[in-house]
There are 2 protein chains.
Amino acid sequence: MHKKSDPTIHDIARELKISASTVSRALQNNPRISLKTREKILAVAESMGYRPNVIASNLRNKRSNTIGVVVPLINRYFFSAVISGVEDIAFKAGYTVVISQSNDLANKEIAIVQSMFANRVDGLIISIAMQATNYEHLKMFRKKNIPLVFFDRAVAEIEADKIVVDDFNGGYRVTQHLIDQGYKRIGHMAGSQNLQTYIDRKNGYIEALAKNGIPHDESLVITNSLIAEDGVRAVQQLMNLSVPPDAIFCGNDTTALSSMIYLRDKGIRIPEDMGIVGFSNEPFSRVVSPSISTIAQPGFLMGQKAAEMILNQIEHKERIFKTLVLPTELIIRESSNRKKIKDDQLFF
Amino acid sequence: MHKKSDPTIHDIARELKISASTVSRALQNNPRISLKTREKILAVAESMGYRPNVIASNLRNKRSNTIGVVVPLINRYFFSAVISGVEDIAFKAGYTVVISQSNDLANKEIAIVQSMFANRVDGLIISIAMQATNYEHLKMFRKKNIPLVFFDRAVAEIEADKIVVDDFNGGYRVTQHLIDQGYKRIGHMAGSQNLQTYIDRKNGYIEALAKNGIPHDESLVITNSLIAEDGVRAVQQLMNLSVPPDAIFCGNDTTALSSMIYLRDKGIRIPEDMGIVGFSNEPFSRVVSPSISTIAQPGFLMGQKAAEMILNQIEHKERIFKTLVLPTELIIRESSNRKKIKDDQLFF
DNA sequence: AATATTAATGCAATCGATTGCGCATTTCTT
DNA sequence: AAGAAATGCGCAATCGATTGCATTAATATT
């Protein structure tokens, strides 16, 4: 009763009148310790309720067995799916995952990254959240050779593993699909052209038009921040054109939805009068009415791959940086399916 | 260039020909160190690119500055909102948050909790995920007096801070609302009666009926697991009654939605012929058509409160366990609003 | 039996920061 | 001016686990 604190290897050693070194080695199944001794040690450890002190071990080993993950917002489907994937792989490999959100704030991101650095994470998985121009806080990781993996949004000027989705192809296929559905005049709502992601989606759109011999009309492309209100404003602007579009490839599902609601209120039928396609496959896109055609981004898989990449760097000291481009999937739903080609089943 | 590893307080001490103790104290703004010395130390620390080694500090201080959070599934709106709230408060207080998901698996939960224990988390915030009968892994925390906070789903037999929502009141208000809307025969789709949460929702429903002098008809209550398919089966069963209900209080939004889709396909109008209310305010409930009336559970707030409670235990050694019941909010939307009393604005 | 091998274990330093105690120097008191 | 009090700083132990090297015990070799 007088020993209130946790037993350590020294307590076990004292109990058995052996040295702490032996206990430590036995606990690690070091072959230098005889089976007999090891078994005695394990028995005593068990009976004393011994739990290794991970912190002490980490200090000595100069590693934390921890992977840091930084996302703009935990509470958003895509990101929580990625986190879920990272956690899945990391946990199986015996790592702890620490997660933090930048709230899209440059200052918070810096604070988080520094804190993770101070906590000696063994690697960092991050999705850059803002249009910050300064990446010094991330360069620290490169300088110290601490494994770094970017996902979804990478910093071009920093060498590291990167994992992104094939936005170009996504944009291309959305556009081709709309053309296949017989839409003739296809508009595009693009996101910030500071981000490669949105540049690629737009380029995919342009390429598909070109391949089909459709002239590219810049007045049909509107660039904004892709929040719900932007969708409404953009669709209003498009409908005011002398020749409005008969389909819109929206940069994300949020604007697809807000556009749809606006158009519905104006008595425009979807998909008959106007085709709509979003991007990201947010959960709601499947259950709204009409359901929204979209591009699925494999968030969970992306998280798993990011974890695998970082573990590879950590454990095999891999020093060749790769960029992994994950395929996207076109999901055809009601909002663009006026030929009723195929239906995404709702399993209700 | 020859000193490859990070500088420590000893390196700073050597540089200034003073002791490491002084450096350590200066870095903590200990008043025993003169301003002049401190400034010199800070300057050198800065120039050497010194970063405190949190692990060493944690070892010495016998704490990790870390809070563990265990949820059934990260990738689900309510839980990610809670995590977001925890992270918000914890980060501001200088704590690191480590998150893990049990995937609703008893064994994984045990493994996670033990791992967090070994990692010496300063406190654990957890939502029990399964019908496990064994809570030994959590009792460890109590035995060692490590702060523990349950949220959403608590273990009755373990003394700890708990934070839940007022499910009874939620159920009551949903039912009262349906009555106010003129619905006469109100059914209820209940979740597993092993969980207090669902017991309370059902009791709220029963109480409201009683208060309004409406007899409680057991055939109108169906208990299931509240997944989408259950919603369809339950609504089929209810519609087959000799006198079917004209409104259903569904145990969650998922079943509310699947019921609605089924009813729509059968040509039943909502809310005119049938009123539907869900529970939880999942993001989709606002954007489906008709939008779903529901009860909002303050996930983010719950996370914040949970973090505050655990910080209070950690920092003030608070030893009186509280149970905090958060209020819920009834959100009236289209699916139950046949009197058009008020509309939940969609800010599109 | 004496020496060479091999196996099993212990010693002591180390990881980096923290802190009780004590010494030395400066400032205050009267 | 001489002792008292305050100020500033350093010594060395500590947190618990790990590991290179040394040492002892056991077994093999000739």
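Q: I'd like a rundown of the relation of the copies chain B and chain A, residues and numbers included.
A: Between chain B and chain A, which share one sequence, the superposing operator has a rotation angle of 180° and an axial displacement of 0.2 Å; the RMSD is 0.4 Å. The superposition operator between the copies reduces to a two-fold rotation axis.

Q: Lay out the domain arrangement of chain A in plain terms, naming residues and giving numbers.
A: Put simply, an interface is often sized by how much accessible area is lost when its parts join up. Structurally, chain A comprises domain 1 (9–52), domain 2 (63–159 + 299–326) and domain 3 (167–293 + 332–336). Measuring from the centre of the C-alpha atoms in domain 1 of chain A to the corresponding centre in domain 3 of chain A gives 66 Å.

Q: Can you lay out the protein's contact with DNA strand C for me, pointing to particular residues and giving the numbers?
A: DNA strand C sits among 29 residues. The nearest are Ile18, Ser21 and Thr22 of chain A together with Thr8 and Ser21 of chain B. Those elements that provide at least two residues to the surface near DNA strand C are α2 (20–27) and α4 (54–61) of chain A together with α2 (20–27) and α4 (54–61) of chain B. For the surface near DNA strand C, the per-class residue count stands at ten nonpolar, 13 polar and six charged.

Q: Please set out the sheet that holds strand β6 (residues 186–190) of chain B residue by residue, giving values where relevant.
A: In a beta sheet, neighbouring strands pair by backbone hydrogen bonds and run either parallel or antiparallel. Residue and element names in this part refer to chain B. The parallel open sheet is built from four strands, whose spatial order is β7-β6-β8-β9. Of all the strands in the sheet, just β7 (221–223) and β9 (275–277) have a single pairing partner and so form its edges. Put simply, the sheet's adjacent strands are angled 15° from each other on average, direction ignored. Bridge count between strand β8 (residues 247–250) and β9: three bridges; the pairing is parallel. Each bridged residue has a counterpart across the sheet, and for Phe249 the counterpart in β9 is Val277.

Q: Can you tell me about the sheet that holds strand β9 (residues 275–277) of chain A, naming the residues and giving the values?
A: All names here are of chain A. Taken together, four strands build an open sheet; the order of strands is β7-β6-β8-β9 and the sheet is parallel. The sheet is open, and its two edges are formed by β7 (221–223) and β9, each paired on a single side. Strand-to-strand twist of the sheet, defined as the mean angle between neighbouring strand axes without regard to direction, takes the value 15°. With three bridges joining them, strand β6 (residues 186–190) and β7 adopt parallel strand pairing. Within the sheet, the bridge partner assigned to Met189 lies in β7 and is Ile222.

Q: So what's going on with the pairing of strand β4 (residues 148–151) of chain A? Residues and values would help.
A: Residues and elements named next belong to chain A. Neither face of β4 is exposed, since Leu148 and Phe150 on one face and Val149 and Phe151 on the opposite face are all buried. Sheet topology note: the strand β3 (residues 123–126)/β4 ladder contains three bridges and is parallel. Across the sheet, the residue bridging to Ile125 is Val149, located in β4. Summarising the sheet, β4 and strand β5 (residues 161–165) pair through three bridges and their orientation is parallel.

Q: Go over the protein's contact with DNA strand D, please, and point to the residues and values.
A: With respect to spatial proximity, 28 residues lie near DNA strand D, and among them Thr8 and Ser21 of chain A together with Ile18, Ser21 and Thr22 of chain B are the closest. Those elements that provide at least two residues to the surface near DNA strand D are α2 and α4 of chain A together with α2 and α4 of chain B. Here the surface near DNA strand D is composed, by residue class, of ten nonpolar, 13 polar and five charged.

Q: Any details on the environment of Arg76 of chain A? Residues and values, ideally.
A: Locating Arg76 of chain A in the fold gives a position in the loop between β1 (66–71) and α5 (77–92). Note: C-alpha distance between Arg76 of chain A and Glu282 of chain A (206 residues apart in sequence) is 9.2 Å.

Q: How would you explain the interface of chain B and chain A if you had to name every residue and give the values?
A: Contacts between chain B and chain A engage 42 residues on the former and 41 residues on the latter. The residue inventory of the side of chain B that touches chain A, partitioned by class, reads 26 nonpolar, 13 polar and three charged.

Q: Help me get a handle on the environment of Asn252 of chain A, residues and values and all.
A: Residue and element names in this part refer to chain A. The topology assignment puts Asn252 in the loop between β8 (247–250) and α11 (253–265). Note: C-alpha distance between Asn252 and Ala228 (24 residues apart in sequence) is 9.7 Å. In this view, Asn252 contacts Leu226, Gly278, Phe279 and Ser280; residues no more than four positions away in its chain are not counted.

Reading the values: rules and limits
Residues numbered from 1 in each chain as written. Chains lettered and ligands numbered in written order. Predicted model: local features only at pLDDT ≥ 70, side-chain atom pairs only at ≥ 80, totals over all residues. Least-squares fit on C-alpha atoms with pLDDT ≥ 70 in both. Domains from an automatic or database assignment. Near = placed C-beta within 6 Å. Helix = DSSP H or I, 4+ residues; strand = E, 2+ residues; numbered from the N terminus. Nonpolar A, V, L, I, M, F, W, Y, C, P; charged D, E, K, R; others polar. Pairing = 2+ DSSP bridges. Axes fitted to C-alpha atoms, helices over the stretch in contact; angles between N-to-C directions. Buried ≥ 20, exposed ≤ 12 C-beta atoms within 10 Å, placed from the backbone. Contact = placed C-beta atoms within 7 Å.

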